[in-house]
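# Chain and residue survey
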Amino acid sequence: MAITDKIYVKNHRQLSSQLDTSFPKSAFAGATLDLLFTGNSLANLDSTTQDRVLDFAEDFLDCDCEAHPYCGCAERKFIQYLLELRAQGFCPDAIVDVMGDDYMLYAYSGDILSFLDQSVRTLEAAEALAQTEAGVDRSQELHDAKRELTNG
Ligand SMILES: [Zn+2]
């Protein structure tokens, strides 16, 4: 399962009742993207929630793909967001706090931790490959990326 399958909408029950309909807890589920983030439900939400929902839509759902919002851009951008937070030195618990403040989302810090571990391992594999194939340039770049993720 991708990490984006394990990102949930905070206050899910409360939002369902404000919208007077149920939707999946998972933030990146198709029905959630449709209903909460691209539908016409904004007006029914309280203003704090509206702000967070709009921020999420602006930051992750701003592409023009034909398959929008099912094109995968939102998931890719969110993964980038997580990696950037890690590179800034946030630990998994802090990352969960930040996504709550930014977008009213939550995840289990254990899931974030395994995602980051997995990312580092992927980078290590890429680094090893770059050393054998493309020489040192790319390898140094990957090495730096890995160090950013493992710092702190
Ligand atoms: Zn897209």
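Computed from a predicted structure; not experimentally measured.

Turning our eyes to something else, we now look at the coordination of the zinc ion. All of the protein donors around the zinc ion are Cys-63 (SG), Cys-65 (SG), Cys-71 (SG) and Cys-73 (SG); their distances to the metal are 2.2 to 2.3 Å. With 4 donor atoms in place around the zinc ion and angles of 99 to 116 degrees between them, the coordination shape is tetrahedral. Here the donor residues of the zinc ion share one chain and are spaced in sequence as C-x1-C-x5-C-x1-C.

What follows covers the pattern of salt bridges. In the structure shown here, the tally under the stated rule is 4 salt bridges. Here Asp-62 and Lys-77 are joined by a salt bridge, their closest N and O atoms 2.3 Å apart. Note that Asp-62 is positioned in the loop between helix 3 (47-60) and helix 4 (73-87) and Lys-77 in helix 4, a separation of 15 residues in sequence. Taking relative accessible area as the criterion, Asp-62 reaches 44% and is therefore assigned partly exposed. A relative accessible area of 28% means that Lys-77 is categorised as partly exposed.

The next subject is the nonpolar core. With 32 residues, the main nonpolar core has Phe-56, Phe-78 and Met-99 as its most contacted residues. Counting only elements with at least two residues in this core, the list comes to helix 1 (12-19), helix 2 (30-37), helix 3, helix 4, helix 5 (92-103) and helix 6 (109-133). If we ignore the near neighbours within four places in the chain, the residues touching Phe-78 are Thr-4, Ile-7, Phe-28, Phe-56, Phe-60, Met-99 and Leu-105. Leu-123, Ala-130, Leu-142 and Leu-149 belong to the second-largest nonpolar core, a separate cluster that totals 5 residues.

A few words on the environment of Ala-126. Residue position: Ala-126 is located in helix 6. Sequence-wise, Ala-126 and Leu-15 are 111 residues apart; in three dimensions their C-alpha atoms are separated by 42 Å.

Contact pair helix 3 / helix 5: the axes reach a minimum separation of 7 Å and the direction vectors enclose 105 degrees. The pairing of helix 3 with helix 5 is recorded here as roughly perpendicular in orientation. Where helix 3 approaches helix 5, its residues Arg-52, Asp-55, Phe-56, Asp-59 and Phe-60 are matched on the opposing element by Asp-101, Asp-102 and Tyr-103. Within the contact of helix 3 with helix 5, the residues separate by chemical class into 3 nonpolar, no polar and 5 charged.

Here is what the cut-offs are and how they apply
- Residues numbered from 1 in each chain as written.
- Predicted model: local features only at pLDDT ≥ 70, side-chain atom pairs only at ≥ 80, totals over all residues.
- Heavy atoms only, no water.
- Donors = N, O, S within 2.8 Å, 3.2 Å for Na, K, Ca; no water.
- Tetrahedral: all angles 85-135°; square planar, octahedral: opposite > 155°, others 65-115°.
- Salt bridge = Lys/Arg side-chain N within 4 Å of Asp/Glu carboxyl O.
- Helix = DSSP H or I, 4+ residues; strand = E, 2+ residues; numbered from the N terminus.
- Buried < 20%, exposed > 50% of the residue type's maximum accessible area, 1.4 Å probe, protein only.
- Core = buried A, V, L, I, M, F, W, Y, C linked by side-chain atoms within 4.5 Å.
- Contact = heavy atoms within 4.5 Å.
- Axes fitted to C-alpha atoms, helices over the stretch in contact; angles between N-to-C directions.
- Parallel < 35°, antiparallel > 145°, perpendicular 65-115°, else oblique.
- Nonpolar A, V, L, I, M, F, W, Y, C, P; charged D, E, K, R; others polar.

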